Each structure stands twice: as C-alpha cells, then as structure tokens.
Amino acid sequence: MNVDRAPTITVSSAKHQVVYAVDGSEMNPLEGFYATLAGCAAVFAKKACKELGISPEGIHISCKPFAGPGGPLTLAKFKTEVRFPEAFSAEQKTKVLDAITHCAVKNIVEVGNGIEFSVTEA
C-alpha cells in the first residue's frame, strides 16, 4: 500500500481491495473495523440459517460500539441486536444468535490481548 496526498487509502489483500478515507468520503479504518464486526455477525447468521435449512431473508442486524473510559478511540462494549422475521421459531432464533456469538472477528477481539503488534522500518 502506498501512501500519498489523496484523501483515500486503498488496502489490498490477495483477493480484494478496501478503500478508506480521511475526509469522510469513505469509512475510516475504525468505522471499517466496526463494520467488519457487523459483517461477521451477518456471515455467521447466514451460515446458521443454511445449516437449519431456512432462508436468512428478513433478518436485520444492527451493531453499536460503546466507547470506553479512554474516549471515542477505545471500545468498552459492542452491542449486536438481531431482529427476526415472524416465521422464525424460538429454537431457530436461539441457534442463529448462538452462531453469531462465535463470530471469528469478535473472538479475536475478545482474546486478542495476547496479540503482538510491531511497527518497524522496512
């Protein structure tokens, strides 16, 4: 990734690109992180529905980050709320909610205090 004067930053992986911005025209990396948590919840909801043999159509997931005592750049809580269509049984709802709790991104955040980050000159 090259850094220049443009307001956008394009991050590439082996298969995909994500664009962030510093001027509000795109998500910033923190907003992208929160969106990743929400997206992970949706992926796990869809996987659960597939295992149950039901359509995920009509499921609505909303997520809200709550800042910690260190201010807006700290995360104390991340609340995920799920609304289901009327056709979902209580058992189906429970299985989907349980699947969402196993979101891989959420799990990394929860146990990630052992992750070592380093920044060096190449």
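Now for a description of the structure that goes with this document. Predicted model only: the values in this text are computed from it and were never measured.

## Things to note about the overall build of the protein chain
Helix and strand content of the protein chain: three helices and four strands. Along the chain direction, N to C, the helices and strands of the protein chain fall in the order β-β-α-β-β-α-α. Over its C-alpha atoms the protein chain spans a radius of gyration of 18 Å, topping by over 25% the 14 Å that the globule rule assigns to 122 residues. Across its three principal axes, the protein chain shows a C-alpha extent of roughly 55 × 30 × 25 Å. Across the 122 residues in the protein chain, those meeting the buried criterion constitute 19%. For the protein chain, the proportion of contacts with a sequence separation of at least 24, taken over those separated by at least 6, is 38%. Treating the 12 positive side-chain charges of the protein chain as one cloud and the 13 negative ones as another, the clouds have centres 6 Å apart.

## Side note on the pattern of salt bridges
Across all of its chains, the model carries three salt bridges by this definition. A salt bridge links Glu 81 to Lys 79; the shortest N-O distance between them is 3.2 Å. Judged by relative accessible area, which is 37%, Lys 79 ranks as partly exposed. A salt bridge links Lys 95 to Glu 91, with the nearest nitrogen and oxygen atoms 3.2 Å apart. Residue Lys 95 and its partner Glu 91 are located together in helix H2 (residues 90-100), separated by four residues, close to a single helical turn. For Lys 95, a relative accessible area of 41% corresponds to the partly exposed category.

## Thoughts on the state of the cysteines
Summed over all chains, the structure comprises one disulfide. Two residues share a disulfide in this structure: Cys 40 and Cys 103, whose sulfurs sit 2.1 Å from each other. With the S-S bond torsion at 125 degrees, the cross-link from Cys 40 to Cys 103 turns out right-handed. Of this pair, Cys 40 sits in helix H1 (residues 29-52) while Cys 103 sits in the loop between H2 and helix H3 (104-111), placing them 63 residues apart in sequence.

## Observations concerning H1
Taking 1.5 Å per residue, 24 residues should reach 34 Å; H1 reaches 34 Å between its end C-alpha atoms and fits that length. Looking at the buried residues of H1, the elements they touch are strand S2 (17-21), strand S3 (60-68), strand S4 (71-83), H2 and H3. The residue sitting at the N-terminus of H1 and contributing the capping side-chain oxygen is Asn 28; that oxygen lies 2.9 Å from the backbone nitrogen of Leu 30. Once H1 finishes, Gly 53 follows within two positions and takes phi at roughly 75 degrees, a positive value.

## Side note on the pairing of S3
Successive side chains on a regular strand alternate, one facing one side of the sheet and the next facing the other. Pairing analysis gives nine bridges linking S3 to S4, with the strands arranged antiparallel. If you follow Ser 62 over to S4, its bridge partner there is Glu 81. Hairpin connection, S3 to S4: the antiparallel pair is bridged by two residues.

Criteria and cut-off values
- Residues numbered from 1 in each chain as written.
- Predicted model: local features only at pLDDT ≥ 70, side-chain atom pairs only at ≥ 80, totals over all residues.
- Heavy atoms only, no water.
- Helix = DSSP H or I, 4+ residues; strand = E, 2+ residues; numbered from the N terminus.
- Rg over C-alpha atoms; globule rule 2.2 N^0.38 Å.
- Buried < 20%, exposed > 50% of the residue type's maximum accessible area, 1.4 Å probe, protein only.
- Contact = heavy atoms within 4.5 Å.
- Lys, Arg positive; Asp, Glu negative; His and termini not counted.
- Charge placed at Lys NZ, Arg CZ, Asp CG, Glu CD.
- Salt bridge = Lys/Arg side-chain N within 4 Å of Asp/Glu carboxyl O.
- Disulfide = S-S within 2.5 Å.
- Expected span 1.5 Å × (residues − 1).
- Polar contact = N/O pair within 3.5 Å; in protein donor to acceptor, adjacent residues only side chain to side chain.
- Pairing = 2+ DSSP bridges.

None of the figures reported here should be taken as evidence of function without further support.
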